[in-house]
Amino acid sequence: MKRTFSLLLSVVIAVCAFTSCNKAPASNKTAAEVFDAINAAFAEQYKDVEGVEGAIPNMPMDVDDTVLKEKFGIDPEWVEDYKGQIAGMMTNCDMLVVVKAKDGQLDKVKEGLEKGKADQNALFEFYGVMGNPERLAASKIVTNGNYAALLMVGILTDNAAEGFDFSGDVRLAEDTFNKTING
């Protein structure tokens, strides 16, 4: 009996040690810090492109509680904090939203961002100016820990004659999102 108990206790200790060593620590970054890091990465990447100061260059409008609730269906009670911008021009589909969800609320937040992405797709998929269809196709929702982000970004440059490919911009946003959260 002692031997069985000792063996069982050893297994429990080993499992506990293994799971605690592999669990990533929670990030202490705010959504604003993650958002601002993405904006800074875009400003640096496109420092030679006139008018680009961040990921949303076309009259960026801040996301507030009303927009979070109405456009994305995300209740502000589900989030620790958030920061986002959407293009203020009716001809551009850009959106960058970073949300730090409260514990247990990430799935609801992600669902809300998916809703916002789908709604934006419906609005702009046949509006082919400014690379909207390509920007929509490249856009994605990413998560890391309790963070979720909608990355619908893409900077138009003078190379537009070569066609639009915004996958590099989305990758820049995603890489910066993860790097900032992971420290």
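Structural data are supplied above this passage.
First, a word on what this report is: a plain description of the structure on this page. (Residues numbered from 1 in each chain as written. Predicted model: local features only at pLDDT ≥ 70, side-chain atom pairs only at ≥ 80, totals over all residues. Heavy atoms only, no water.)

Side note on the pairing of strand β4 (residues 140–144)
Pairing of β4 with strand β5 (residues 147–152), which is carried by 5 bridges, proceeds in the antiparallel orientation. Counted as the bridge partner of N144 is Y147 from β5. Where β4 folds back onto β5 in an antiparallel hairpin, the turn is made up of 2 residues, including G145, whose phi is positive at roughly 60°. (Pairing = 2+ DSSP bridges. Helix = DSSP H or I, 4+ residues; strand = E, 2+ residues; numbered from the N terminus.)

Remarks on the pattern of salt bridges
Applying the stated criterion across every chain yields a total of 7 salt bridges. Measuring nitrogen to oxygen at the nearest pair gives 2.6 Å for the salt bridge that ties R135 to D94. With a gap of 41 residues between them, R135 in helix α5 (residues 132–138) and D94 in the loop between β2 (79–87) and β3 (95–101) connect regions that are remote in the sequence. For the pair formed by R135 and D94, the shared burial category is buried. (Salt bridge = Lys/Arg side-chain N within 4 Å of Asp/Glu carboxyl O. Buried < 20%, exposed > 50% of the residue type's maximum accessible area, 1.4 Å probe, protein only.)

Side note on the nonpolar core
One finds I38, F42, L96, V98, V153 and F177 to be the most contacted residues of the largest nonpolar core, which totals 26 residues. Among the elements that line this core, the one with the most residues is helix α2 (residues 31–45), at 6 residues. Beyond its immediate sequence surroundings of up to four residues, V153 is in contact with F42, A55, I56, D94, M95, L96, R135, F166, D169, V170 and A173. Among the nonpolar cores identified, the runner-up in size contains 21 residues, and I86, M95, V109 and L150 belong to it. (Core = buried A, V, L, I, M, F, W, Y, C linked by side-chain atoms within 4.5 Å. Contact = heavy atoms within 4.5 Å.)

Quick notes on unusual backbone geometry
The bulk of non-glycine residues show a negative phi, and the bulk of peptide bonds are trans. Residue M59 is not a glycine yet carries a positive backbone phi of 50°. Tracing the chain through its elements places M59 in the loop between α2 and β1 (60–62). With a phi angle near 55°, M130 is a residue other than glycine that sits in the positive phi range. According to the relative accessible area criterion, M130 is partly exposed, its value standing at 23%.

Comments concerning the packing of α2 against helix α6 (residues 167–182)
The N-to-C vectors of α2 and α6 enclose an angle of 135°; their axes lie 9 Å apart at closest approach. Judged by the inter-axis angle, α2 sits oblique to α6. Judged by the sense of rotation from one axis to the other, the crossing of α2 with α6 is right-handed. Contact residues: α2 offers E33, V34, A37, I38, A41, F42 and Q45, while α6 offers D169, L172, A173, T176, F177, T180 and I181. (Axes fitted to C-alpha atoms, helices over the stretch in contact; angles between N-to-C directions. Parallel < 35°, antiparallel > 145°, perpendicular 65-115°, else oblique. Left-handed = near helix turned anticlockwise from the far one by under 90°.)

A closer look at the packing of aromatic side chains
For the coordinates displayed, the defined rule picks out 2 aromatic pairs. Residues F164 and F166 carry aromatic rings whose centres are separated by 5.8 Å and whose planes lie at 15° to one another, so their mutual orientation is stacked. Relative accessible area serves as the criterion here: at 3%, F166 is assigned to the buried category. Of note, R135 hangs over the ring of F166, and the distance from its end group to the ring centre comes to 4.6 Å. (Phe/Tyr/Trp six-rings, centres within 6.5 Å; stacked < 30°, edge-to-face > 60°. Lys NZ or Arg CZ within 6 Å of the ring centre and 35° of its normal.)

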